[in-house]
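An overview of the molecular structure
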Amino acid sequence: MKTKLSVLVMLLSVLMFSACTTVNQRGTVGQAQAYNVHYGKIVSIHEVDVDNTTEQTVGGLAGAAAGAAIGNAIGSGTGRTIATVLGGAIGAIGGATAGSQINGHALEIIVETDEGLTLSVVERPGVDFVVGQRVKVMLGNNFSRIDPA
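Computed from a predicted structure; not experimentally measured. (Residues numbered from 1 in each chain as written. Predicted model: local features only at pLDDT ≥ 70, side-chain atom pairs only at ≥ 80, totals over all residues. Heavy atoms only, no water.)

**Considerations on the overall build of the chain**
Along the chain, the regular secondary structure elements total 3 helices and 5 strands. In the chain, the succession of helices and strands from N to C terminus is α-β-α-α-β-β-β-β. The buried share among the 149 residues of the chain stands at 32%. For the chain, contacts bridging at least 24 residues in sequence account for 71% of all contacts bridging at least 6. Of the roughly 8,800 Å² that the chain leaves accessible, carbon and sulfur atoms contribute 59%. (Helix = DSSP H or I, 4+ residues; strand = E, 2+ residues; numbered from the N terminus. Buried < 20%, exposed > 50% of the residue type's maximum accessible area, 1.4 Å probe, protein only. Contact = heavy atoms within 4.5 Å. Areas by Shrake-Rupley, 256 points an atom, 1.4 Å probe, with all protein chains shown as cover.)

So, in structure tokens, the structure goes:
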């Protein structure tokens, strides 16, 4: 019983601290993926609002399902029912909380590339870029990042 509870706590913790995001996470690059790299100059930087409605909903639903499934593996009879309900509730709260973490402001950075393309990349606030700066833009499957050139 103690082992099952430890597994439940561990898995729910993982759910709480993971979420889908639409804002770039600095320094994170996927493995086994090819990236297009463009060089260019920043032409504008604007603050934008990040809408996390989808991520919060998906996180809550996924958390509820996972939590209920884990809770259902604990005990039997009434204890199992209680664990399933509690697991689902805790998972839903954790998933929705994780999904809501990307709410807020971000920076939209517009880059004109050497090839004549205009690219828009959304970055978390706090990146130190200025208009006119030469940069390298990495574009992948659901991934983008800007670094100094």
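Let us keep going from here.
**What about the nonpolar core?**
Grouped together as the largest cluster of nonpolar side chains are 11 residues: Ile42, Leu107, Ile109, Val111, Leu119, Val121, Val127, Phe129, Val135, Val137 and Ile146. For this core, the secondary-structure elements that each account for two or more residues are β2 (104–113), β3 (118–123) and β4 (134–140). Of the residues forming this core, the biggest block, 3 residues, is contributed by β2. When residues no more than four places from it in sequence are discounted, the contact partners of Val135 are His38, Tyr39, Gly40, Ile42, Val111, Phe129, Ile146, Asp147, Pro148 and Ala149. (Core = buried A, V, L, I, M, F, W, Y, C linked by side-chain atoms within 4.5 Å.)

**Digging into the pattern of salt bridges**
Inspection of the entire model under this criterion finds 2 salt bridges. Here Arg134 makes a salt bridge to Asp114, at a shortest N to O gap of 3.0 Å. With Arg134 in strand β4 and Asp114 in the loop between β2 and β3, the pair connects residues that are 20 residues apart, well separated along the chain. Judged by relative accessible area, Arg134 falls into the partly exposed class, the value being 40%. On the basis of relative accessibility, which here comes to 53%, the residue Asp114 falls in the exposed class. A salt bridge links Asp147 to Arg145, with the shortest nitrogen-to-oxygen separation between them at 3.0 Å. (Salt bridge = Lys/Arg side-chain N within 4 Å of Asp/Glu carboxyl O.)

**Focus on the environment of Gly71**
Examined against the element boundaries, Gly71 turns out to sit in helix α2 (residues 53–72). Residues Gly71 and Ile90, spaced 19 residues apart in sequence, show a C-alpha to C-alpha distance of 10.0 Å.

**Details of the pairing of β4**
Taken together, the 6 bridges between β4 and strand β5 (residues 143–148) define a ladder with antiparallel strand orientation. Counted as the bridge partner of Gly140 is Phe143 from β5. Counted between consecutive antiparallel strands, the loop separating β4 from β5 contains 2 residues, among which Asn142 sits at a positive phi close to 55 degrees. (Pairing = 2+ DSSP bridges.)

**Notes on the confidence of the model for the chain**
The predicted model of the chain averages 74 in pLDDT, with 64% of residues at 70 or higher. Put simply, helix α1 (residues 2–16) is where the chain has its lowest mean pLDDT, 53, and β4 is where it has its highest, 91. Of the regions scoring below 50 in pLDDT, residues 15–27 engages in 34 contacts with residues more than four places distant in sequence or in other chains. (pLDDT = per-residue confidence, 0-100.)

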